Amino acid sequence: MAKIIESKVIDTSVSTELEACENIAHIHEKNGRIGENAPKFFVQTFGCQQNEADSERLAGLCCAMGYEKASSPEEAELILVNTCAVREHAEKKALSIIGQYKHIKDKNPAVVIGVGGCMVTQKSRADKLKMSYPYVSFTFDTAAIHTVPSLVLNALRGGSRKFILSDEWKINEGVPIHRESKHMAWLSIMYGCNNFCSYCIVPYTRGRERSRSADSIVEEAKMLIADGAKDITLLGQNVNSYNGGDGVDIAELMHRICALPGDFRLRFMTSHPKDASDRLIEAMATEEKIVRHFHLPVQSGSDRILKLMNRKYDTSAYLEKIAKLREAVPDVSITSDIIVGFPGETEEDFEGTLDILSKVRYDMIFSFIYSPRSGTPAASMEDQIPHEVSTARFERMLALQNKISDERNERFLGRTVRVLVEDTSKSNSGMLTGRGDAVRPIHFAGDRSMIGEFVNVKITRATTFCLEGEII
Ligand code: SF4
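Quick caveat: nothing in here was measured; it's all calculated off a predicted structure.

1. Some details on the site of the ligand
Neighbouring the ligand are Cys193, Asn195, Phe196, Cys197, Tyr199, Cys200, Val202, Pro203, Gln237, His272 and Arg311. Residues of the shell around the ligand, tallied by class, amount to 7 nonpolar, 3 polar and 1 charged.

This is how it looks when you write it as structure tokens:
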């Protein structure tokens, strides 16, 4: 397990919370709850990579409060749920799991349960938890992660339940990070989004764009590399509009990180096509440490739907960007997010999406059936598409993309690829899995001791969803 990363830059709001951590750790110590007897925490995470990164901060705070990591919620005395709001299904799942935690609280009333993330950043959902889930001690929104220690301290002291909704969106530097993986690391570079795509809840749950300073990010990258990170992903809702001040854009930031000594790779996500700059493409073409994978979500292949989605580009501008990218980085792996069944999507609009799949020939897509999110403009648009129509379109699109993925994957056959061994394969624990300079998982036989190391793998088989090979 990677060690806890403690930042050198600590904002005042965070130092106050670190004092609360010390107070809590002191309470545990006074009660003899240290070492093997230390109380345990469990963080349940839903949603995107940003949430996974936030959960590593929650875990860092829990460790600072004197808790040890539990392997199941039943073992824990502090349970934190980090929720997602991007689709209705994710919210329902989170509420169902929180419902299941009632029996843990019934068995041990001293257990503290807190709920954070995008779902509870919507007042209606925080209110629902307040009214219908009396065993939840507190909620905290996405801007209030650093306040969890005060909330826990209040709960431990028997204070009233708290339901936090921040009115200011700022960056709170200095929250300790308890990393899940030693060799792979998330590195948040910015928060929030200014784009207001008409279907998306993120601008309402994560606030306006704010970028961390380049110095703080480079410092954190240095610590991650020193701690053994070999695959670092720069994270943000729209990393292309990163603005570290003094003209430091995402390209310059990546050049600075690539200049750090060490054998590591750099990825970034997510990108917005309107902001994917020539400078970023050039950085990918020239920096060896940047992985040749560009996730550039098109969402739809219909200009009419893109306008309704408020995406601020059309298909020809998008295809122009793809052409530039392929020219600069010929073997680049391109992936995309696609929404099927957006309100008003006609058969002709959908054919446009199939057309863009055929033109771009993505390595992989992340596709979704449109899910209305209340509070977003698209949710109240007329002409919502019946589920059976969306599902049928979705299936047609997947069939086409699977064929393209098959063909794209075949280009790797016979190649030798430098792979970071990430873990054992989920489908076959006798095999190892990792990724090369692209997005496809690669499976191969090998010893567990290789996890976290780079190895050379010759690709011997390509399927729709993965590659297979042997170490040479
Ligand atoms: S760019 Fe659009 S889809 Fe992405 S987070 Fe911002 S509003 Fe949502």
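Now, onward.
2. Overview of the nonpolar core
Of all hydrophobic cores here, the largest spans 69 residues; its most connected members are Ile189, Leu234, Leu253, Ile257 and Phe294. With 7 residues, the top contributor of residues to this core is helix α8 (residues 214-226). If near-sequence neighbours (up to four positions away) are discounted, Phe294 is found in contact with Phe268, Ser271, Ala276, Leu280, Ile281, Met284, Leu325, Val332, Ser333, Ile334 and Thr335.

3. A look at the sheet that holds strand β7 (residues 162-163)
Taken in spatial order, the 6 strands line up as β3-β2-β4-β5-β6-β7 in an open sheet, and their pairing is parallel. One side of each edge strand has no neighbouring strand; the edge strands of this open sheet are β3 (68-69) and β7. Examined bridge by bridge, strand β4 (residues 78-83) and strand β5 (residues 112-117) share 6 bridges and lie parallel to one another. Bridge assignment links Asn82 to a residue of β5, and that residue is Gly116. Packed onto the sheet, helix α6 (residues 148-156) meets β4, β5, β6 (138-140) and β7 and runs at close to 175 degrees relative to β6.

4. Observations regarding unusual backbone geometry
Omega for the peptide link from Met269 to Thr270 comes to 5 degrees, which places this bond in the cis form. Here Thr270 lies in the loop between β13 (265-269) and α10 (278-286). Despite not being glycine, Asn310 shows a phi value in the positive range, around 60 degrees. With respect to the helices and strands, the residue Asn310 is situated in the loop between α11 (303-308) and α12 (315-328).

5. As for the state of the cysteines
Here the structure, examined in full by the defined rule, presents 0 disulfides. Not part of a disulfide, Cys118 finds its nearest cysteine sulfur in Cys84, a span of 6.3 Å. A relative accessible area of 8% places Cys118 in the buried class.

6. Observations concerning the pattern of salt bridges
Close approach of charged atoms allows side chains of opposite charge to pair. Applying the stated criterion across every chain, the model contains 36 salt bridges. The partner of Asp231 in a salt bridge is Arg267, and the shortest N-O contact between them spans 3.1 Å. Separated by 36 residues along the polypeptide, Asp231 in strand β12 (residues 231-235) and Arg267 in strand β13 bring together distant segments of the chain. The exposure class of Arg267 is buried, given its relative accessible area of 7%. Measuring nitrogen to oxygen at the nearest pair gives 2.7 Å for the salt bridge that ties Lys359 to Asp355. On the criterion of helical spacing, the pair formed by Lys359 and Asp355 is a turn pair, its members being 4 residues apart in helix α13 (residues 347-360). Among the residues examined, Lys359 registers a relative accessible area of 52% and is labelled exposed. What you see here is one network of salt bridges that share partners, running through Asp331, Asp363, Arg408, Arg411 and Arg415.

7. Thoughts on the packing of aromatic side chains
Tallied over the full model, the rule gives 7 aromatic pairs. Both rings, one in Tyr133 and one in Tyr135, keep their centres 6.1 Å apart while their planes meet at 65 degrees; by these two values the pair is edge-to-face. Overall, the relative accessible area of 13% leaves Tyr133 in the buried class. For the pair Phe196 and Tyr204, a centre-to-centre distance of 5.5 Å together with 75 degrees between the ring planes defines the contact as edge-to-face. Relative accessible area serves as the criterion here: at 35%, Tyr204 is assigned to the partly exposed category. Here a set of aromatic residues connected by ring pairs shows up, and it is made of Tyr199, Phe342 and Tyr370.

8. Some details on the sheet that holds strand β19 (residues 441-445)
Judged by pairing direction, the barrel is mixed, and its 5 strands sit side by side in the order β17-β18-β19-β21-β20 before closing back on the first. Strand-to-strand twist in this sheet, taken as the mean axis angle between neighbours without regard to direction, amounts to 50 degrees. Taken together, the 5 bridges between strand β18 (residues 431-435) and β19 define a ladder with antiparallel strand orientation. Within β19, the residue paired with Thr433 across the bridge is His443.

9. Structural notes on the pairing of strand β2 (residues 40-45)
Summarising the sheet, β2 and β3 pair through 2 bridges and their orientation is parallel. Residue pairing for β3: Lys40 is matched across the bridge by Glu68. Alignment of β2 against β4, held across 5 bridges, turns out to be parallel. Within the sheet, the bridge partner assigned to Phe42 lies in β4 and is Ile79.

10. Description of the environment of Gly452
When you line up the elements, Gly452 lands in the loop between β19 and β20 (454-462). For the pair Gly452 and Leu151, spaced 301 residues apart in sequence, the C-alpha to C-alpha distance is 36 Å. With residues near it in sequence (within four places) discarded, Gly452 still touches His183, Lys230, Leu420 and Val421.

11. Some details on α8
Residue pairs spaced three or four apart in an α-helix point in one direction, given the helix's 3.6 residues per turn. Between its first and last C-alpha atoms α8 spans 18 Å; for 13 residues at 1.5 Å apiece the expected length is 18 Å, and the two agree. Among all positions in α8, only Ala214, Ser216, Ile217, Val218, Glu220, Ala221, Met223, Leu224 and Ile225 are buried. For α8, the secondary structure elements touched by its buried residues are β1 (4-5), α2 (49-64), β8 (177-178), β9 (184-188), β12 and α9 (250-258). Following α8 by one or two positions, Gly228 adopts a phi angle in the positive range, close to 105 degrees.

Reading the values: rules and limits
Residues numbered from 1 in each chain as written. Predicted model: local features only at pLDDT ≥ 70, side-chain atom pairs only at ≥ 80, totals over all residues. Heavy atoms only, no water. Near = heavy atom within 4 Å. Nonpolar A, V, L, I, M, F, W, Y, C, P; charged D, E, K, R; others polar. Core = buried A, V, L, I, M, F, W, Y, C linked by side-chain atoms within 4.5 Å. Buried < 20%, exposed > 50% of the residue type's maximum accessible area, 1.4 Å probe, protein only. Helix = DSSP H or I, 4+ residues; strand = E, 2+ residues; numbered from the N terminus. Contact = heavy atoms within 4.5 Å. Pairing = 2+ DSSP bridges. Axes fitted to C-alpha atoms, helices over the stretch in contact; angles between N-to-C directions. Disulfide = S-S within 2.5 Å. Salt bridge = Lys/Arg side-chain N within 4 Å of Asp/Glu carboxyl O. Phe/Tyr/Trp six-rings, centres within 6.5 Å; stacked < 30°, edge-to-face > 60°. Expected span 1.5 Å × (residues − 1).

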